[in-house]
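# Topology and contacts: notes
Single-letter residue listing:
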Amino acid sequence: MKESSLNCLEKAAYGEEEMARQTILQQLGDINEDLPYEIFIETVAQAPIAISITDRKANILYVNRAFSEVTGYLPEEAIGKNQSLLSNKNTPRAVYKKLWSTISKKKCWQGRLVNRHGSGRPYLADLTIAPMLDKNGNISHYIGMLRDITANYEAEQRLKNHKQLIESVINLLPVAVAVIDCENRVVLDNHSYKALISDLGIDEPADHFLGLIREEMGDAWSKLQENGQSFDHREYRIDRTPKSARWFSCAGAFFYENAIHADNFFNPKQGRYLILTLTDITRQRRQVEHSHIQNLKLMIAEDEQVRTIRETLLGAMHQIQVPMNQIKAAEQILQFRQDEQNKGLLDILQQIQQSGTEALENMQGCLPEIPQSAVIPVNLNQLLHESLLLSEQKIRSFGIDIVWKPESRLPPVLGSENRLRILFKQLLDNAIEAMEAARIKDMELTLTTARGGNGLVHVCIADNGHGIPEDKHMKVFEPFYTTRHKGGSQAGTGLAMTKEIMTQHQGLIEIDTAYQRGCRFKLSFPVYDKAYEEGMT
Ligand code: FAD
């Protein structure tokens, strides 16, 4: 046995040292008889953790080298004193009560105490007390193992403060923020984000928006993720009701965190997180939308003017064409008879026909062209919503109830925004007129969009007006056919036009025969894809 260790133990005098030694040696002996006791004693003496051995009343009998370093008390200053020497006198009584009640029951106690260093500075001690039993099973000594964890504690607290500060700053932000891990779980969010959950009625708004971003970006999303590139200004519309539709601008930035697991010590790994911000831009969008709708109204008014002129001219041409056909038939009969008597009449008929044809050609030449617009991928929810806004005045004045059921993630359709708006507006105006004509008390207009499983997008516009008899379901799409009383303002070209627009979009329009409450138009459009785009040109 080394002198120094023995000396230490020997210094732990006061009559109990021999007993302490015996108990320790006895317990160590249980471990391995072949190992010399000196090894154990030297191990305790050299251990980097502060170790002390006390009697049953916590009077110190032995301290190792690290004890002096940690507590600031030399062995001669500590031995013979009570462990309370180490106290900073502000650890709550309850802690000591618990400590003593635990160790008195022959159990180990582990906890944190505030101690005062020999130099006077307080420090946080992580203390483990193990009772040692004599051969009769009674507590003979206590072993205390103590570490100064002040630095760890301060780092821990700094980290907590830092986290709190970040959380407070994030919470104060007027934009919704969510931090998403690589398994798409939201690991941190702020008040604005939580408010979105209830406002939008979506369980996890981050999932919803990421779904929209992924869908919109396609393959580019995986590349962006791989390269950890950020993105911003991705704007999406969330439809609750047409009036409460909201717009969000999404931005995201990836950040990487070092893995904290022990098995990553020699093999450092990084975890990827996405910080997603969702800024409510509904107000700005509404302002933009307002001026957009005003422009659209002007455009539609112009378009309607062109259309009225076209309809009037086409109507007149249609009117002229009927007697012209009769004259042609009469001419053919006279020519067939080869009757010399009626030659004069035949000449007159031919002259009438010629001037009639010229008049028709002139009228044809005067037909104003419908302005063409670009064919691009469009969102039918957006166009339907704009069409509603275009008819807003009528809807409001009749107190019509709008039932808005849009598909939240509607795939785009390739088409002309102007033409599609005109199409929807025509169907909406027809529906409003039908409900008004039927003097319906609770007028209801239902607008539904849905993604079909067959590469189609479906739009339904239903009213609770007088409906269209089933035998007229095909006829109403013919030009100049109208179910209204003669002399009405409409020439009966509206539905013919809707059919023409649908055909231009390779879509289909039909009246739902199963619908009994009024009239329901079902429109189907092919979902936009490259192949379809080529087909449209
Ligand atoms: P009190 O808690 O009022 O107790 C006074 C003394 O009475 C105690 O020191 C103890 O000798 C004795 N005593 C109290 N309750 C019992 C009991 N149930 N059974 C037997 N004796 C009892 N405290 C610290 O503040 N810092 C330390 O680092 C620290 N290390 C310790 C290490 C060991 C191995 C042990 C056994 C105790 C340790 N203590 C430590 C506790 C310490 O002994 C005191 O209980 C504590 O400091 C409160 O001091 P006090 O003067 O208010 O004493």
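Let me begin by describing the structure that accompanies this report. As the structure is a prediction and not an experimental result, all values here were calculated from the model.

### Some words on the packing of helix H11 (residues 282-337) against helix H13 (residues 380-390)
Contact geometry of H11 with H13 gives a least axis separation of 10 Å together with a crossing angle of 75°. It follows that H11 is roughly perpendicular to H13 by the angle criterion. Along the contact surface, H11 presents Glu 289, His 292, Ile 293, Leu 296, Lys 297 and Ile 300, while H13 presents Gln 382, His 385, Glu 386, Leu 389 and Leu 390. Broken down by class, the residue content of the contact of H11 with H13 amounts to five nonpolar, three polar and three charged.

### Examining the sheet that holds strand S16 (residues 508-511)
Spatial strand order, S12-S14-S15-S17-S16: five strands in an open sheet with mixed pairing. Looking along the sheet, the strands with just one partner apiece sit at the ends: strand S12 (401-405) and S16. Going across the sheet, the axis of each strand differs from the next one's by a mean of 10°, ignoring polarity. Relative to strand S15 (residues 456-463), strand S14 (residues 444-451) runs antiparallel, the two being bridged by seven bridges. What sits directly across from Ala 450, in S15, is His 458. Along the sheet, H13 makes contact with S12, S14, S15 and strand S17 (519-526), crossing S12 at roughly 175°.

### Examining the site of the ligand
Around the ligand, the structure places 21 residues, and the nearest of them are Lys 57, Asn 82, Arg 93, Tyr 96 and Trp 100. With respect to the ligand, the side chain of Asn 82 contributes an N or O atom lying 2.7 Å from an oxygen atom. Within the side chain of Trp 100, an N or O atom sits 2.7 Å from an oxygen atom of the ligand. Here the ligand, which alone exposes 890 Å², has 74% of that area covered by the protein. Taken together, the elements giving at least two residues each to the shell around the ligand come down to helix H6 (93-104), strand S3 (109-116), strand S4 (122-133) and strand S5 (139-148). With five residues, the top contributor of residues to the shell around the ligand is H6. Its residues assigned to classes, the shell around the ligand shows 10 nonpolar, eight polar and three charged.

### What to know about the nonpolar core
Leu 380, Leu 423, Phe 424, Phe 521, Leu 523 and Phe 525 are the most contacted members of the largest nonpolar core, which totals 43 residues. Among the secondary structure elements, those contributing two or more residues to this core are H11, H13, helix H15 (417-437), S14, S15, helix H16 (494-504), S16 and S17. Per-element accounting of this core gives the leading share, nine residues, to H15. Setting aside residues up to four positions removed in sequence, Leu 423 forms contacts with Thr 498, Ile 501, Met 502, Leu 523 and Phe 525. With 24 residues, the next largest nonpolar core counts Ala 178, Ile 180, Ile 238 and Phe 248 among its residues.

### Observations concerning the sheet that holds S5
Across the sheet, which stays open at both edges, the five strands sit in the order S2-S1-S5-S4-S3 with antiparallel pairing between neighbours. At either end of the open sheet lies a strand with only one pairing partner, and these are strand S2 (60-63) and S3. Between one strand axis and the next, the sheet turns through 30° on average, direction left out of account. One ladder, built from eight bridges, connects S3 with S4; its direction is antiparallel. Residue pairing in the sheet places Leu 113 in a bridge with Ala 125 of S4. Across the sheet, H6 is in contact with S3, S4 and S5; its angle to S3 comes to roughly 140°.

### Here's the deal with the side chain of Asp 429
Note on placement: Asp 429 falls in helix H15. Judged by relative accessible area, Asp 429 falls into the buried class, the value being 13%. A distance of 3.3 Å separates a polar atom in the side chain of Asp 429 from a polar atom in the side chain of Ser 391. In this structure Asp 429 touches Ser 391 and Lys 394, once residues within four positions along its chain are discounted.

### Considerations on the packing of aromatic side chains
Here a ring pair, both rings aromatic, is described through the centre-centre distance and the interplanar angle of the planes. Per the counting criterion, the structure on display carries seven aromatic pairs. Residues Phe 255 and Tyr 273 carry aromatic rings whose centres are separated by 5.2 Å and whose planes lie at 15° to one another, so their mutual orientation is stacked. In this pair, Phe 255 sits in strand S9 (residues 246-258) while Tyr 273 sits in strand S10 (residues 270-280), placing the two residues 18 residues apart along the sequence. A network of ring pairs unites the aromatic residues Trp 221, Phe 231 and Phe 254 as a single cluster.

Conventions and cut-offs
- Residues numbered from 1 in each chain as written.
- Predicted model: local features only at pLDDT ≥ 70, side-chain atom pairs only at ≥ 80, totals over all residues.
- Heavy atoms only, no water.
- Axes fitted to C-alpha atoms, helices over the stretch in contact; angles between N-to-C directions.
- Helix = DSSP H or I, 4+ residues; strand = E, 2+ residues; numbered from the N terminus.
- Parallel < 35°, antiparallel > 145°, perpendicular 65-115°, else oblique.
- Contact = heavy atoms within 4.5 Å.
- Nonpolar A, V, L, I, M, F, W, Y, C, P; charged D, E, K, R; others polar.
- Pairing = 2+ DSSP bridges.
- Near = heavy atom within 4 Å.
- Polar contact = N/O pair within 3.5 Å; in protein donor to acceptor, adjacent residues only side chain to side chain.
- Areas by Shrake-Rupley, 256 points an atom, 1.4 Å probe, with all protein chains shown as cover.
- Core = buried A, V, L, I, M, F, W, Y, C linked by side-chain atoms within 4.5 Å.
- Buried < 20%, exposed > 50% of the residue type's maximum accessible area, 1.4 Å probe, protein only.
- Phe/Tyr/Trp six-rings, centres within 6.5 Å; stacked < 30°, edge-to-face > 60°.

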